[in-house]
Amino acid sequence: MPNIESAIKRVRTNEKANEANSAKLSKMRTAMKKFEQAVETNADNTQELLVAAIREIDVVSAKGLIHQNKANREKSRLAKKVVA
């Protein structure tokens, strides 16, 4: 544990940011899984779930939690499932 006040604050800030970032990533993964499950079961709301998943991917990418290329790759992969 750090002794310097600014380092102690930095640890607190990092923990807070880590929780927020982890929550955003988890929300994105959940949206993607919901969409993939809907495609497998031929559900009626696949288009809505696709839009929600793409939105979550864009949010995470804009925050810098995943690289833009990965975001584009995931969105493309999900969009192909609707067409196929």
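As the structure is a computational prediction, the values presented were derived from the model and not from experiment.

With that out of the way, let us pick up the packing of helix α1 (residues 5-40) against helix α3 (residues 68-83). Running from amino to carboxyl end, α1 crosses α3 at an angle of 20°, the nearest separation of the two axes being 10 Å. As summarised for this structure, α1 and α3 are arranged roughly parallel, according to the angle between their axes. Here α1 and α3 pass one another in a crossing that is left-handed. When α1 is examined against α3, the residues M32, F35, E36 and V39 are found in contact with a partner set consisting of E74, R77, L78, K81 and V82. The residue inventory of the contact of α1 with α3, partitioned by class, reads five nonpolar, no polar and four charged.

In this section: the nonpolar core. Side chains that are nonpolar tend, in soluble globular proteins, to be buried together. Of all hydrophobic cores here, the largest spans 14 residues; its most connected members are M28, M32, I57, I66 and L78. Broken down by secondary-structure element, the contributors of at least two residues to this core are α1, α2 (46-62) and α3. Sorting elements by how many residues they give to this core places α1 first, with six residues. Each residue touching M32, except ones within four places of it in the same chain, is listed here: A53, I57, E74, R77 and L78.

By secondary structure assignment, the location of E56 is in helix α2. Dropping the residues within four chain positions of it, E56 is found in contact with K27, M28 and A31.

Helix length check: α1, at 36 residues, gives a terminal C-alpha distance of 53 Å against a target of 52 Å (1.5 Å per residue), a fit within 8%. Of the residues flanking the end of α1, it is N42, one or two places downstream, whose phi is positive at about 55°.

Structurally, the position occupied by T13 is in helix α1. Look at T13 and you get partly exposed, because its relative accessible area is 32%. In this structure, the C-alpha to C-alpha distance between T13 and E74, residues 61 residues apart in sequence, is 30 Å.

Before going further, it helps to spend a moment on the pattern of salt bridges. Per the counting criterion, the structure on display carries seven salt bridges. The partner of E36 in a salt bridge is R77, with the nearest N and O atoms 2.9 Å apart. With a gap of 41 residues between them, E36 in helix α1 and R77 in helix α3 connect regions that are remote in the sequence. Put simply, K81 and E36 hold a salt bridge, and the shortest N to O gap is 3.6 Å.

The rules behind each value
- Residues numbered from 1 in each chain as written.
- Predicted model: local features only at pLDDT ≥ 70, side-chain atom pairs only at ≥ 80, totals over all residues.
- Heavy atoms only, no water.
- Axes fitted to C-alpha atoms, helices over the stretch in contact; angles between N-to-C directions.
- Helix = DSSP H or I, 4+ residues; strand = E, 2+ residues; numbered from the N terminus.
- Parallel < 35°, antiparallel > 145°, perpendicular 65-115°, else oblique.
- Left-handed = near helix turned anticlockwise from the far one by under 90°.
- Contact = heavy atoms within 4.5 Å.
- Nonpolar A, V, L, I, M, F, W, Y, C, P; charged D, E, K, R; others polar.
- Core = buried A, V, L, I, M, F, W, Y, C linked by side-chain atoms within 4.5 Å.
- Buried < 20%, exposed > 50% of the residue type's maximum accessible area, 1.4 Å probe, protein only.
- Expected span 1.5 Å × (residues − 1).
- Salt bridge = Lys/Arg side-chain N within 4 Å of Asp/Glu carboxyl O.

From the geometry alone we can't say anything about function, so treat these as descriptive.
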